[in-house]
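Next come the chains, spelled out residue by residue.
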Amino acid sequence: MSGTPLRQAQDEALRRTRGEAVLTATNVSITYAVEPPVDAVREVSLTLHRGEILGLAGESGCGKTTFAYGVNRLLKAPAVMTSGQVIFHDVDGTDIDVTALSGEQLRRFRWDKVSMVFQGSMNSLNPVMNVRKQLHDVFTTHRPQMSRGEREQRSRDLLALVGVDPGRLAAFPHELSGGMRQRVMIAMALALDPQVMIMDEPTTALDVLVQRGIIRELMRLRERLGFAVIFITHDLPLLIEISDRIAIMRDGRIIEQGTADEIYHNPSQPYTKQLLSSFPSLTGARGGFVRGGAQ
Amino acid sequence: MSNSLEVRHLCKDFRLRRGVHFDTLHAVADANFVLEPGHTVALVGESGSGKSTIARIIAKLETPTSGEVLLDGAATNFSGAKLAGYRRQVQMVFQDPFASLNPFHSIAHHIERPLRIHHPELSTAEVRRRAAELLEKVQLGAAYLERRPHELSGGQRQRVAIARALAPGARFIIADEPVSMLDVSIRVGVLNLLAELQRSEGLGVLYITHDLATARHFSDEILVMHRGVIVERGPADDVILNPQHEYTKALREAAADPDRLGRLRDEVRAEQPGGTHED
Amino acid sequence: MADRLAGIRYLLPRWSGKLGTGLIMVGLIIAFGLVAPLFAADPRDSSNKGLLPPSGSHLLGTTKLGYDVFSQLATGTRGSLYVGLLGGISAMLLAILFGILAGYFGGWLDEILMLITNIMLVIPGLPLVMVIAAYVQNTEGLGEFARSSTLVALILGVTGWAGSAVVLRAQARSLRTREYVAAARVAGEHGLRIIFVEILPNLVPLIAAQLIFGVMAAVLGEAGLSYLGLGPTNSITLGTMLNDAQTGQAVGSRAWWWFVPPGAVIALLGTGLALVNFAIDEIVNPKLRLAPQAARRQRRATKAGRGVAGGGAFA
């Protein structure tokens, strides 16, 4: 399973299928069953292509996080997916109906095909286990046939991949900085070679310099491994910088979709324009941002 | 200097326990700057740079290890009635609008208390009238007096916090990351409100932030802080457009800039050993 | 004034089956303790025949000495409630004093207050109460007071506050660092006003929970003390009834009507108070209420056929 021929075949398949859809969500609606019910996501249709970074932008409460959790079937009560279909197009050509998965199939689908990194991820590492044990656990659970040596080798490779010294395998989470912990979480998300990564505000809690380092690493990994990313954030300038395509969400709907270039230079919706104008340009006209501001 | 709030040789050390012995963390090391009415100074830095510690020292929530805070040229290391006089002049707006209002009390309580403390001569009706006036000033209106914090959005709460800071009649406002926890589309509104009040009331504002862009547009002078030290200072445009210190340059480089659309992807592609993937 | 009371509504527990059942149980017992002694026969009238089983004239029979059990139960319930309330309140006041002062002011005051609290915590409770009770009751010059239920309640209060103080200190420490407390300081509020106006109202649910816990502990503590013969001698409580039943060998003589009623009232009172406490816990920690409720609603919505995919995170 872990031999290089398969890896090469996978790479080959990845190259061949680049640009094809890897995840298709159709008419997804998600409701919070509270009194009265809240429609958090309303008939959202979205296609993610192989190897692309799709930015999902919107403000708090617009449904972007709920949608991402819904796609991965991670909805917490009282959220209910009330309509729609999510199809995952596997690299070997089979289609998986994610909404129909349950039990063991669902468990294997998550992480293996689609993995997730969220804002608080770095705090979800187990504080009493070192990084090695937590990485090995991923393999013992999902790849039981791997030997101890293979697990160790793969763990070291993964850390190196995300820019963490493999010597830190023995470290406990509290011995790592926030940025390092988030990198370890990204390494864990990459552990099983997923074809899609869903990242929900993965760097929002981190300082700008650290954030930059992680984003750059993510872009590198994407080039090397060819996974697709749904990158969710409120930080539209960042999305414009790194995404291939961007979808703007508001009140549970996708109100505009386009390439990063279209969204930046040619937004069609007033809300998109408003969002863009909420971020002052660093180098643009002085004071143009503050209405009649200081001279 | 008269009519100013000045920070002189300010230092703050924290003792951190490392196993059996203690380490000293220099949270702020020799900070100097002057805040004048009608001017905004931005203090820019990442978390842990010491910028919030400076805010808390000026707001008299912490005592400095050494150095002093001068109001109108006079030392301010006092307590009691004189401290009340200092607080009347210097007020603070906190970062988290969801934590800075007491969930138990109405909005009226939050604005009327500082009025009563600093102006005990006012009648109840007069206090109420002034509280309503203050809410008008922050574009909320008297109807909000009877509301409770949980009924307000983040932006509205932060406006209440600004009204509370204005209530004693302050000349200097310390704004510690006042919009970083708000939704992006309402940040501009709150910042513009602060800018307007700063001009109409002639306030001196210390704007503490990690965001270079708003620091530039919102302030006259920028101080860049790194690990407790102010590494660069100057007029806002100079610091941002022509940074001298390595750290300021790195910060500028790391700030998201939509004008660099796709550049990061191209850079990263060029680094790949196998050359570029072609779409 | 209206604005000062504005927050109270959000501190009240949400109505629920648990709260309702608990309130009804506690309410009935309190009503029984207040009203029943007014029309019941004299509990100290020993002119009846001994060990009569329940009948029309003696609803719950009589004791070995001929006391009417129903009258004793009515007066005993009142006595136990008095001890419980007084003991609970005095424990709560001490817990507030130690816990909140230590938590808010910190520093050396915290060290000293917590040292005392910790000493109180590690001394085993019942033996300490026994020693103090035995000592005080033999002190000269206290007269009637020496063996009164008031003194027993105060002893229980003085020995039973430490656990609550630790809980309140932790919460006060956490509230002290809230931004609204810092904001009140910047606005010019003084220490005690911050404690009583800004912090204490937000601790009310927690204090109420500790009070109920204290009342339960005092009722049970009094029962324990009385059972051991260290309780009040000049008043009747549920504990003294059990003590009488034990010394009168009620179990041996199969006089169930003698020991079951006081035991049942203690158990029901404890259950009722615990149910009320659950409801208060849900205000202190809303997740206790919201998580099960959310899961229920999701299940219901899915069952109603509105869901296209099975359950969520744990499917």
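Residues numbered from 1 in each chain as written. Chains lettered and ligands numbered in written order. Predicted model: local features only at pLDDT ≥ 70, side-chain atom pairs only at ≥ 80, totals over all residues. Heavy atoms only, no water.

### Points about the overall build of chain C
Regarding its fold elements, chain C presents twelve helices and zero strands. N-terminal to C-terminal, the α/β element order of chain C is α-α-α-α-α-α-α-α-α-α-α-α. The contacts in chain C between residues at least 6 apart in sequence include a share of 69% that link residues at least 24 apart. With an accessible surface of roughly 15600 Å², chain C has 67% of that area assigned to carbon and sulfur atoms. (Helix = DSSP H or I, 4+ residues; strand = E, 2+ residues; numbered from the N terminus. Contact = heavy atoms within 4.5 Å. Areas by Shrake-Rupley, 256 points an atom, 1.4 Å probe, with all protein chains shown as cover.)

### Observations concerning the overall build of chain A
In terms of regular secondary structure, chain A is built from ten helices and ten strands. Here chain A has a C-alpha radius of gyration of 20 Å; the compact-globule value for 295 residues is 19 Å, and the two agree. Its C-alpha atoms put chain A at 65 × 45 × 45 Å along the principal axes. A total of 295 residues make up chain A; the buried ones form 56% of that total. Counting contacts in chain A only where the partners sit at least 6 residues apart, residues at least 24 apart contribute 67% of the total. Accessible surface for chain A amounts to roughly 12000 Å². Of this, 51% is attributable to carbon and sulfur atoms. Between the averaged position of the 34 positive side-chain charges in chain A and that of its 33 negative side-chain charges there is a distance of 4 Å. (Rg over C-alpha atoms; globule rule 2.2 N^0.38 Å. Buried < 20%, exposed > 50% of the residue type's maximum accessible area, 1.4 Å probe, protein only. Lys, Arg positive; Asp, Glu negative; His and termini not counted. Charge placed at Lys NZ, Arg CZ, Asp CG, Glu CD.)

### Looking at the packing of helix H3 (residues 107–118) of chain B against helix H4 (residues 124–137) of chain B
Residues and elements named next belong to chain B. The contact between H3 and H4 brings their axes to 9 Å, and the two run at 115°. Regarding H3 and H4, the two cross each other, and that crossing is right-handed. In contact with Ile107, Ala108, Ile111, Glu112, Leu115 and Arg116 of H3, H4 contributes Thr124, Val127, Arg128, Arg130, Ala131, Leu134 and Leu135. Its residues assigned to classes, the contact of H3 with H4 shows eight nonpolar, one polar and four charged. (Axes fitted to C-alpha atoms, helices over the stretch in contact; angles between N-to-C directions. Left-handed = near helix turned anticlockwise from the far one by under 90°. Nonpolar A, V, L, I, M, F, W, Y, C, P; charged D, E, K, R; others polar.)

### Focus: the pairing of strand E7 (residues 172–176) of chain B
Residue and element names in this part refer to chain B. By the criterion of burial, E7 is predominantly enclosed, with five of the five residues buried. Residues Phe172, Ile174 and Asp176 line one face of E7 and the alternating positions Ile173 and Ala175 line the opposite face, and both faces are buried. In this sheet, strand E8 (residues 204–209) lies alongside E7 in parallel orientation, the contact comprising five bridges. Across the sheet, residue Ile174 finds its bridge partner in E8, namely Leu206. In terms of handedness, the path from E7 via helix H6 (residues 184–201) over to E8 forms a crossover that is right-handed. (Pairing = 2+ DSSP bridges. Right-handed = clockwise from strand over helix to strand, strands pointing away.)

### Focus on the packing of helix H2 (residues 17–39) of chain C against helix H11 (residues 256–284) of chain C
Residues and elements named next belong to chain C. At a minimum axis separation of 8 Å, H2 and H11 run at an interaxial angle of 140°. The handedness of the crossing between H2 and H11 is left-handed. Contact residues: Lys18, Leu19, Thr21, Gly22, Leu23, Met25, Val26 and Ile29 in H2; Val265, Leu268, Leu269, Thr271, Gly272, Leu273, Leu275, Val276, Phe278, Ala279 and Glu282 in H11. A breakdown of the residues in the contact of H2 with H11 according to their chemical character gives 13 nonpolar, four polar and two charged.

### Notes on the nonpolar core
Membership of the largest hydrophobic core comes to 56 residues, with the highest contact counts inside it found for Leu190(A), Phe231(A) and Leu236(A). Residue contributions to this core peak at seven residues, all from helix H6 (residues 178–190) of chain A. Excluding its chain neighbours within four sequence positions, the residues that come into contact with Leu236(A) are Ala57(A), Ile246(A), Ile248(A), Leu275(A), Leu276(A) and Phe279(A). Of all hydrophobic cores here, the second largest spans 55 residues; its members include Val208(A), Ala170(B), Ile173(B) and Phe218(B). (Core = buried A, V, L, I, M, F, W, Y, C linked by side-chain atoms within 4.5 Å.)

### Looking at the interface of chain C and chain B
Each partner contributes residues to the interface: chain C has 21 residues there, and chain B has 25 residues. Summed over both partners, the interface of chain C with chain B buries about 2100 Å², with 56% contributed by carbon and sulfur atoms. Viewed at the interface, chain B and chain C are joined by one salt bridge. For Arg113(B), the salt bridge identified is with Glu189(C), shortest N-O distance 2.7 Å. (Buried area = accessible area lost by both parts, 1.4 Å probe. Salt bridge = Lys/Arg side-chain N within 4 Å of Asp/Glu carboxyl O.)

### Side note on the interface of chain B and chain A
How big an interface is tends to be expressed through the accessible area that disappears when the partners come together. In this assembly, 47 residues from chain B lie in contact with 46 residues from chain A. Buried area between chain B and chain A, summed over both chains or domains, comes out near 4400 Å², and the portion from carbon and sulfur atoms is 54%. Between the two partners, chain B and chain A, sit two salt bridges. On inspection of chain B and its partner chain A, the count reaches eleven residue pairs in polar contact (both at pLDDT 80 or more). (Polar contact = N/O pair within 3.5 Å; in protein donor to acceptor, adjacent residues only side chain to side chain.)

### Comments concerning the sheet that holds strand E10 (residues 229–235) of chain B
Residue and element names in this part refer to chain B. Strand order in the open sheet formed by six strands is E6-E7-E8-E3-E9-E10, and the pairing between neighbours is mixed. In this open sheet, the two edge strands, each paired with only one partner strand, are strand E6 (90–93) and E10. Along the sheet, successive strands turn relative to each other by an average axial angle of 20°, direction set aside. Two strands pair when backbone bridges link them, and strand E3 (residues 40–44) and strand E9 (residues 221–226) are joined in this way by four bridges, in the parallel orientation. Note on E9: the bridge partner recorded for Leu43 is Leu223.

### Points about the environment of Asn3(B)
Residues and elements named next belong to chain B. When you line up the elements, Asn3 lands in the segment before strand E1 (5–18). Judged by its relative accessible area of 39%, Asn3 is partly exposed. Setting aside chain neighbours within four positions, we find Asn3 in contact with Pro37, Asp72, Arg171 and Phe172.

### A word on the confidence of the model for chain C
Detailed reading of predicted coordinates is not advised where the pLDDT is low. Looking at chain C, pLDDT values average 84 and 91% of them are 70 or higher. Per the prediction output, this complex has pTM 0.82; the corresponding ipTM is 0.88. (pLDDT = per-residue confidence, 0-100.)

### A look at the sheet that holds strand E1 (residues 21–32) of chain A
Residue and element names in this part refer to chain A. Judged by pairing direction, the sheet is antiparallel, and its four strands sit side by side in the order E2-E1-E4-E5 without closing on themselves. Pairing within the sheet leaves two strands with one partner each, and these edge strands are strand E2 (38–49) and strand E5 (95–97). Geometrically, the sheet is characterised by an average inter-axis angle of 5° between neighbouring strands, direction not taken into account. Note that E1 and strand E4 (residues 79–89) share eight bridges and pair antiparallel. Bridge assignment links Thr31 to a residue of E4, and that residue is Val80. Strand contacts of helix H2 (residues 64–71): E1, E2 and E4, with the helix running at about 120° to E1, the strand carrying the most contacts.

### Focus on the side chain of Asp68(C)
Residues and elements named next belong to chain C. Here Asp68 is to be found in the loop between H2 and helix H3 (69–105). Of the polar contacts made by the side chain of Asp68, one reaches the side chain of Ser71; its length is 2.6 Å. The residues touching Asp68, leaving out its near neighbours within four places in the chain, are Asn48, His58, Gly61 and Thr62.

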